[in-house]
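One letter stands for each residue in the lines below.
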Amino acid sequence: MSQNTIRSYCFAVDEYNSMFQIVSTSNLLKYKRYLLGKYSPSTANVRIRAINRYLRFIGKGKLALHGVKIQQVSFLGDTLDDNTYEIFKSCLKGESNLQWYFIVSVLATTGVRIGELVRIKAEQVILGYIDVIGKGGKCRRVFLTDSLRNELLMWMELIKRCKGPLFRNKFGDQISTRGVSAQLQRLAMKYGVDPAKVHPHAFRHLFARKFLEKTGDVALLADLLGHSSIETTRIYLRKTSEEQHQIVEKVITW
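Notes on the structure follow. From a predicted model like this one, the values you see are computed outputs, not experimental measurements.

In terms of regular secondary structure, the chain is built from 13 helices and two strands. Counting only residues that meet the buried cut, the chain has 39% of its 254 residues in that class. In the chain, once contacts between residues fewer than 6 apart in sequence are set aside, the share between residues at least 24 apart is 58%. Per element, the accessible surface of the chain, about 15100 Å² overall, is 55% carbon and sulfur.

Glancing now at the environment of Ala202. Along the chain, Ala202 falls in helix H10 (residues 200–215). Overall, the relative accessible area of 5% leaves Ala202 in the buried class. Put simply, Ala202 and Leu107 are 95 residues apart on the chain and 8.9 Å apart in space, counted from C-alpha to C-alpha. Among residues more than four places away in sequence, those in contact with Ala202 are Leu80 and Lys197.

Among the structural elements, Arg178 can be located in helix H9 (residues 177–190). Assessed through its relative accessible area of 70%, Arg178 is described here as exposed. In the structure, Arg178 is positioned 64 residues away from Ile114 in sequence and 9.2 Å away in space, judged by C-alpha atoms.

Burial along strand E2 (residues 139–143) is one-sided: Arg140 and Val142 are buried, and none of Cys139, Arg141 and Phe143, which face the opposite way, are. Sheet analysis places strand E1 (residues 129–133) next to E2, joined by five bridges and oriented antiparallel. In the strand pairing of E2, Val132 is matched with Arg140.

With that settled, consider the pattern of salt bridges. Inspection of the entire model under this criterion finds nine salt bridges. Residues Arg140 and Glu116 are paired through a salt bridge, measuring 2.8 Å at the closest nitrogen-oxygen approach. Of the two residues, Arg140 is situated in strand E2 and Glu116 in helix H6 (residues 114–117); the sequence distance between them amounts to 24 residues. Note that Asp131 is salt-bridged to Arg141, the shortest N-O span being 2.8 Å. Here the residue Asp131 occupies a position in strand E1, and Arg141 occupies one in strand E2, the gap between them amounting to ten residues. Taking relative accessible area as the criterion, Asp131 reaches 34% and is therefore assigned partly exposed. The network of salt bridges with common partners includes Asp82, Arg209, Lys210 and Glu213.

With that settled, consider unusual backbone geometry. In this structure, Ser96 is a non-glycine residue whose phi angle is positive, near 55°. For Ser96, the position within the fold is in the loop between helix H4 (82–94) and helix H5 (98–110). Notably, Lys160 is not glycine yet its phi reads approximately 55°, a positive angle. Along the chain, the position of Lys160 falls in the loop between helix H8 (146–159) and H9.

Conventions used here
- Each chain has its residues counted from 1, following the order in which its sequence is written.
- It should be noted that, the model being predicted, local features are given only for residues of pLDDT at least 70 and side-chain atom pairs only at 80 or more, the latter also being counted only at that level, while totals for whole chains, interfaces and linings use all residues.
- With hydrogens and water set aside, each side-chain value is computed from the structure's full complement of heavy atoms.
- By definition, any uninterrupted DSSP run of H or I lasting at least four residues is a helix, any uninterrupted run of E lasting at least two residues is a strand, and each is numbered from the N terminus.
- Each residue's exposure class comes from its accessible area (1.4 Å probe, protein chains only) as a fraction of the maximum for that residue type: buried when under 20%, exposed when over 50%, partly exposed otherwise.
- We call two residues contacting when some pair of their heavy atoms lies within 4.5 Å.
- Here, Shrake-Rupley sampling with a 1.4 Å probe gives the accessible areas, and only protein chains in the shown set may cover a residue.
- Think of it this way: DSSP has to see at least two bridges between two strands before they count as a pair.
- The salt bridge definition used is simple: a Lys or Arg side-chain nitrogen within 4 Å of an Asp or Glu carboxyl oxygen.

Following this line, the structure appears as structure tokens:
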């Protein structure tokens, strides 16, 4: 599994063991109630999955907890619109903040996850495509557009980067996922862009939405995003709450 998943699972087990001395049904149910009181349902389910894996590992799989049922919303949440994306990108390029210009561009034009982005190597840009290891250890090929690849190659030549991590921190090491998320928030506030709309996954949403607008090919999008089920991809066929509102205003005249 990815390093983020491993850290998340270890956190859940450490959290449980810090609260309870033994593994029992009553303690597990208390932990579940604690999770529901502290975290969102989706985060609680991540913790529960971690504990269930741990229970299987120690031979107590029969004590596994049931996950929390999450009612699926019928619309997309706040998404990064085209105009905000262009403003954000032009601000970065205007200040010659090229590493972050390219981070944003790669996220928005490939749909890669943040954990996949930070592992991109300079050598892969030279090849013109990136074989990434996604969730569950599945490998898929991500393509760079010719225009973006050419821009990246010129930047790489400028900074003399031909191998190793493409995106690096101030110490020259591979940038971290937390570092990307935190810096995007700081940059959003600096440029007067809503920080709630500028997070790594927002660019993945932008890629998916625009790809569907252009092609309507859900099956291909599922492959490009690394989804194991096409049903996961279908969420991008939905309208945002604001778009739904506009359609209702236009259509309902009775």
